[in-house]
Amino acid sequence: MEILVCLKQVPDDSVELHLKPGTQEVNLEGVTPVVNAFDTYALEMATRLKEAVGGSITAITIGPEGAKDAVKTCLAVGANQGCLITDPSFEGADTLGKSKILAAAIRKLEADAGKPFDLIFCGREATDKATGQVGPQLAEALGVGVVTDLVDIQQTDAGVQAKQETEEGYRLVDAPLPCVVTVNKPPYDPRYPTIKSKLAARKMPIPTLDAAALGGVAPGAAGSHVVKVYEPAKRQAGVKLKEETCEETVAKAIAMMADAKVL
Amino acid sequence: MDWGNRKDILVFLEQKDGKALNGALECLTPARALAQHTGGQVLAVLMGTDNAGAAEKVAPLADGVLAVTGGDYSDGAADAFTWALEQLAAQYEPAAVLAGNTPLGREMTARLCARLGLGSVQDATALTWDGDTPVWTVPLYGGTVLNDVVVDTLPVVATTRSGAFAKPEAGQAGPVTPVELQVPADAVKVKVAQAVKELSEAVNLEEAKVIVTGGRGMGSKEQFALVEELAALLGGVVGATRPAIEDGWVSRAHQVGQSGKIVAPALYIACGVSGATQHVSGMNGSGYVVAINKDEDAPIFDVADVGIVGDVAKVLPLMIQEIRQRKAE
Ligand SMILES: Cc1cc2nc3c(=O)[nH]c(=O)nc-3n(C[C@H](O)[C@H](O)[C@H](O)COP(=O)(O)OP(=O)(O)OC[C@H]3O[C@@H](n4cnc5c(N)ncnc54)[C@H](O)[C@@H]3O)c2cc1C
Ligand SMILES: Nc1ncnc2c1ncn2[C@@H]1O[C@H](COP(=O)(O)O)[C@@H](O)[C@H]1O
């Protein structure tokens, strides 16, 4: 099975981000760029599928030169090849623009390889802006079906069957290939690279594709614009209780809760 | 904002078991604000095999209900829903199309925008106005940064966060208009083969007044029972962090956070929870927060009104005992 994984490089989401004081600019100093968590889940699911049915995984991202690192990370844990899609004109592209660029890149990679992708994986959302739009919009741009928020996938005679969690259980959704799927957190964690796989990934070439290579694709004007960037009113930290004994601490806490009329 | 000839606001109401979801009904509130600016009507859109029950409940909350039938509009039929929404957008030429920010709402609006070449906002938590222009507030980076965003294309497409807007007051019931939309075969690419009900319990975190949440610090399924006991004692609902769920202590219907439920109870008690952004972003709208953690430096204390530094195994039984006594008095 020919599998494509679309990934985004985002600021490390275990770090709490804030604005530079007095500005509308997010302070990313010292924050490591990482592969979007949901894309790592997507890659892991894709890798398990590949291991089950055979095939190859290509990892692609739209981003600056530095996003090559994100592709490298993927090459160390399941992807067979990857490329970076980069062009100054792609900066500021909205989700619709990105889905157009990704669709053009997919067409180009398919033409170069002489074979189409069967299955395209995206994350459920990127942890930075969490819009969750790119996957479904990519499916529309390609004119193929989409199943969102999977936690499992299996090959079937007619294509794939995707497991989608619902409020009260799950749904099994049949999709013919090719199609796009977006991945939620499955019941397992992504694997870690080994030293050997890391070294091998470091040596692999990561070709780049720019707008010209993609037939002059342009993201088009964004459909929305930001008028203000700010931080929410912070919750005031209250009191921290640590008395001599646990009994005293609890008594004091309960008294405060009673005073606040929340009991 | 120049709305052209566009006036009406379409609100897609997702249903479950013949009832519109609360998160969807809340969406009628920003829709009302928009309609006041455009001079149009709030039209609630129901799609299903039988919309009668839901339509009756929704009619007093909107100016009109469009009850769409005529195809496989069964649970999870995202292709059919998306196609029908596209038809309604063409037919009614609305000023805005809104939906709750559920997986279905997100997918449908994303695909509608792709088909019509539109911008949109997702997970909006507030609607303000710059003159006649609607300005949406959306959270970034798990909620530590907010963006105010203007959608530049028409219709304005937005999904709203569950719990962010109050449900509208009931008024005079608007008319229910049956709309027959036969879904063409080529509009449906994927099909639900099976829907399985696994979780029998109804967990209503969004409407809970009290939530007691257990994290990894609860240590075991047996000890997690203390969280359940305290929740029951306070007439509240049990919440959980992702690790507590992944360890199998409680079902995923209880997850609070970025990939779980966004909650805002009057009282939130976090037990053995570290306070990762992905969790805090789901509960920092709570009224009064109590945190129990043995680590004095746990970030959860930064958002707690009362922080108890201690071992949950000791603190929780004492709390339960003390509250029981107070109740008895
Ligand atoms: C994309 C993404 C989405 C996510 N979505 C969510 C989400 O929706 N919800 C969510 O909760 N998480 C989510 N997470 C996970 C999140 O990042 C944290 O890992 C998680 O919230 C931590 O859960 P925890 O506080 O229970 O565990 P830990 O971080 O391990 O904290 C356990 C705490 O318990 C304390 N403790 C230990 N023993 C005791 C004791 N005996 N008595 C008292 N205190 C004790 C420790 O001091 C510690 O602070 C997400 C992560 C990612 C990457
Ligand atoms: N710059 C990008 N390059 C490649 N894929 C992306 C990019 N941005 C988003 N995606 C994909 O789309 C998913 C959803 O992203 P978003 O719509 O931004 O929340 C991500 O998990 C990725 O799979």
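Our subject is the structure listed above.
Residues numbered from 1 in each chain as written. Chains lettered and ligands numbered in written order. Predicted model: local features only at pLDDT ≥ 70, side-chain atom pairs only at ≥ 80, totals over all residues. Heavy atoms only, no water.

Caption draft 1: Representation of the overall build of chain A. The helix and strand inventory of chain A stands at six helices and 13 strands. Along the three orthogonal principal directions, the C-alpha set of chain A runs to about 75 × 45 × 40 Å. A total of 263 residues make up chain A; the buried ones form 52% of that total. When contacts within chain A are restricted to residue pairs at least 6 apart in sequence, those whose partners lie at least 24 apart make up 70%. When the accessible area of chain A is evaluated, it comes to approximately 12,000 Å², of which 52% is carbon and sulfur surface. Each charge class in chain A was averaged separately, 28 positive and 35 negative side chains, and the resulting centres sit 4 Å apart. (Helix = DSSP H or I, 4+ residues; strand = E, 2+ residues; numbered from the N terminus. Buried < 20%, exposed > 50% of the residue type's maximum accessible area, 1.4 Å probe, protein only. Contact = heavy atoms within 4.5 Å. Areas by Shrake-Rupley, 256 points an atom, 1.4 Å probe, with all protein chains shown as cover. Lys, Arg positive; Asp, Glu negative; His and termini not counted. Charge placed at Lys NZ, Arg CZ, Asp CG, Glu CD.)

Caption draft 2: Here's a closer look at the interface of chain A and chain B. Across the boundary between the two partners, chain A contributes 77 residues, which contact 81 residues of chain B. In total, about 6,800 Å² of surface goes out of reach between chain A and chain B, with carbon and sulfur atoms giving 55% of it. Across the contact surface, chain A and chain B share ten salt bridges. For the salt bridge of Glu-168 of chain A with Lys-16 of chain B, the shortest nitrogen-to-oxygen distance reads 4.0 Å. At the surface where chain A touches chain B, the tally comes to 44 residue pairs in polar contact (both at pLDDT 80 or more). Considering every element that reaches the side of chain A that touches chain B, the biggest residue donor is helix H6 (residues 246–259) of chain A, with eleven residues. Here the side of chain A that touches chain B is composed, by residue class, of 39 nonpolar, 18 polar and 20 charged. Of the pairings in the sheet, the one linking strand E13 (residues 239–241) of chain A to strand E18 (residues 306–309) of chain B comprises three bridges and is parallel in character. (Buried area = accessible area lost by both parts, 1.4 Å probe. Salt bridge = Lys/Arg side-chain N within 4 Å of Asp/Glu carboxyl O. Polar contact = N/O pair within 3.5 Å; in protein donor to acceptor, adjacent residues only side chain to side chain. Nonpolar A, V, L, I, M, F, W, Y, C, P; charged D, E, K, R; others polar. Pairing = 2+ DSSP bridges.)

Caption draft 3: Geometry of the environment of Gly-105 of chain B. Within the secondary structure, Gly-105 of chain B is located in helix H5 (residues 103–116). The residues touching Gly-105 of chain B, leaving out its near neighbours within four places in the chain, are Glu-14, Ala-99, Gly-100 and Thr-159 of chain B.

Caption draft 4: Highlighting the sheet that holds strand E10 (residues 145–151) of chain B. The four strands lie next to each other as E12(A)-E10(B)-E9(B)-E8(B), forming an open sheet whose pairing is antiparallel. Single-partner strands in this sheet number two, and they are strand E12 (224–230) of chain A together with strand E8 (126–130) of chain B. With strand direction ignored, the average angle separating the axes of adjacent strands in the sheet is 35°. Two elements, E8 of chain B and strand E9 (residues 133–140) of chain B, share five bridges in a ladder whose sense is antiparallel. Across the sheet, Asp-130 of chain B pairs through a bridge with Thr-133 of chain B, a residue of E9 of chain B. Each of E8 and E9 of chain B is contacted by helix H2 (residues 28–38) of chain B, which is oriented at about 15° to E8 of chain B, the strand it contacts most. (Axes fitted to C-alpha atoms, helices over the stretch in contact; angles between N-to-C directions.)

Caption draft 5: Quick peek at the sheet that holds strand E7 (residues 145–156) of chain A. Taken in spatial order, the ten strands make up an open sheet running E11(A)-E5(A)-E4(A)-E1(A)-E6(A)-E10(A)-E7(A)-E8(A)-E9(A)-E13(B), and their pairing is mixed. Strand pairing shows two members of the sheet lacking a second neighbour, strand E11 (208–209) of chain A together with strand E13 (191–197) of chain B, which therefore form its edges. Of the strand pairs in this sheet, strand E1 (residues 2–6) of chain A and strand E4 (residues 56–62) of chain A are connected by five bridges, and their pairing is parallel. Residue Ile-3 of chain A lies in a different strand from E4 of chain A, and its bridge partner there is Ile-57 of chain A.

Caption draft 6: The arrangement of the site of ligand 2 in detail. Residues and elements named next belong to chain A. What surrounds ligand 2 is a group of 18 residues, the closest being Cys-6, Asp-39, Ala-126, Thr-131 and Gly-132. At 2.9 Å from an oxygen atom of ligand 2 is found a main-chain nitrogen or oxygen belonging to Gly-123. Protein contacts shield 98% of the accessible area of ligand 2, which totals 480 Å² for the unbound molecule. Elements represented by at least two residues in the shell around ligand 2 include exactly E4, helix H3 (95–113) and strand E6 (119–123). Partitioning the shell around ligand 2 into residue classes produces eight nonpolar, six polar and four charged. (Near = heavy atom within 4 Å.)

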